[in-house]
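As a plain string of letters, each chain reads:
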Amino acid sequence: MLRHQLKLAALVAALCAYSLAAHATSCTTQSEMTPAQRNNYEQASRTLAREIAAGNSAAVRAATVSSVATHFDEIASTISRTSSLIQKATLTIDNLYNLNATDLKASDDRAQFFCGLPGSSLLVTLTIPKLPPGNFVVAVLDATGAEQPQRLAMILQNDPSGSAQWKLAGLFVRPLTIAGRDGVWYWRKARKFAEAKQNLDAFFYYQTAQFLSDPVDFLSSPNLEKLQKEMQDVRPSDLPGANPLVVSASGLNLEVTGLRTDTFQGNLDLVVDYKAQGVSGPVATREQILELMKAILNRYPQLRGAFHGLWVYAYNSGGQPFAIEQTMNQIQ
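Residues numbered from 1 in each chain as written. Predicted model: local features only at pLDDT ≥ 70, side-chain atom pairs only at ≥ 80, totals over all residues. Heavy atoms only, no water.

(A) The overall build of the chain, seen in detail. A count of helical and extended segments in the chain gives eight helices and 14 strands. Scaling as 2.2 N^0.38, a compact globule of 332 residues should have a C-alpha radius of gyration of about 20 Å, and the chain matches this with 22 Å. Along the three orthogonal principal directions, the C-alpha set of the chain runs to about 65 × 45 × 40 Å. For the chain, contacts bridging at least 24 residues in sequence account for 64% of all contacts bridging at least 6. Of the accessible surface of the chain, which amounts to about 15,800 Å², a share of 47% is contributed by carbon and sulfur atoms. Looking at the chain, you have 29 positive and 28 negative side-chain charges, and the mean spots of the two groups are 2 Å apart. (Helix = DSSP H or I, 4+ residues; strand = E, 2+ residues; numbered from the N terminus. Rg over C-alpha atoms; globule rule 2.2 N^0.38 Å. Contact = heavy atoms within 4.5 Å. Areas by Shrake-Rupley, 256 points an atom, 1.4 Å probe, with all protein chains shown as cover. Lys, Arg positive; Asp, Glu negative; His and termini not counted. Charge placed at Lys NZ, Arg CZ, Asp CG, Glu CD.)

Structure below.
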């Protein structure tokens, strides 16, 4: 699974999809807001997004609620990385949700908000743990027109100190595209892999589609739930998890402990984690990795047409992992 999602909200500690018997929480969607409300939320969101794009961490920190501003290092680091990607981008408000949790009890583990979709009985659900009582806005903005377009999701809180300003309480940044393709493209491609019974390719393309389509992990929608069901329907039974995937290479049964996708230099690669055996030093480890790459592609030849290459991380007990990358045409 792609891990470029930069979960940097000090407001939330863990995300969960279980239901909560919430205490007087409510959600107002963008279409239900008055023009004055919508303009207020848009202005606050755009102002923060412009400062993020400019790399102005000091200004963002000054506009952050105190409980988050005291632990600002990760957000500052993300602003630094993100600003170089979106300095010249066009910022567009994609969605706004006003979350009223003023009657929430401080002892509640989670707050759950049900947000109606215009002209539909379907709901978008936001489940946020460790949310303090207050009034919040979740703003989702797209930064487009740049080489690597990004999606910014922010949690804003009506300043609990009483200034009536909207301040940053959480920041999440994800790419809008990977290898130049958006979530819809990966979803369609996943379905084609599924039709061809190439379930391993389909599963990881579904994961990529989900990552690109969902601005934050605490948001659920009927569309995302449909995608997730399709993904689980093709999930291979031998994926490493509680038990490793055992692959024979170099005369050994090597334990693959993780498979996921990631992007390197704009390409979609499959990343493999495994436990190195019987090797020491970079030369011998490299040779074992190359043999493992061949064995994986011999076992799953369909991977060649789905990914740019393989990244393999060899883990020795107590040491730093040793990693190399090879494009598919280099692995023979």
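(B) A look at the pattern of salt bridges. Applying the stated criterion across every chain yields a total of nine salt bridges. Between Arg-260 and Asp-273 there is a salt bridge; the shortest N-O distance is 2.7 Å. With Arg-260 in strand E11 (residues 252-264) and Asp-273 in strand E12 (residues 267-275), this pair connects stretches of sequence that are 13 residues apart. A residue is classified by how much of its surface remains accessible, and Asp-273, at 12% relative accessible area, is buried. (Salt bridge = Lys/Arg side-chain N within 4 Å of Asp/Glu carboxyl O. Buried < 20%, exposed > 50% of the residue type's maximum accessible area, 1.4 Å probe, protein only.)

(C) Quick peek at the environment of Glu-230. Within the secondary structure, Glu-230 sits in helix H7 (residues 222-233). Residue classification places Glu-230 among the buried positions, given a relative accessible area of 16%. Sequence spacing of Glu-230 and Leu-310 is 80 residues, and the spatial spacing of their C-alpha atoms is 25 Å. Among residues more than four places away in sequence, those in contact with Glu-230 are Trp-187, Arg-191 and Tyr-206.

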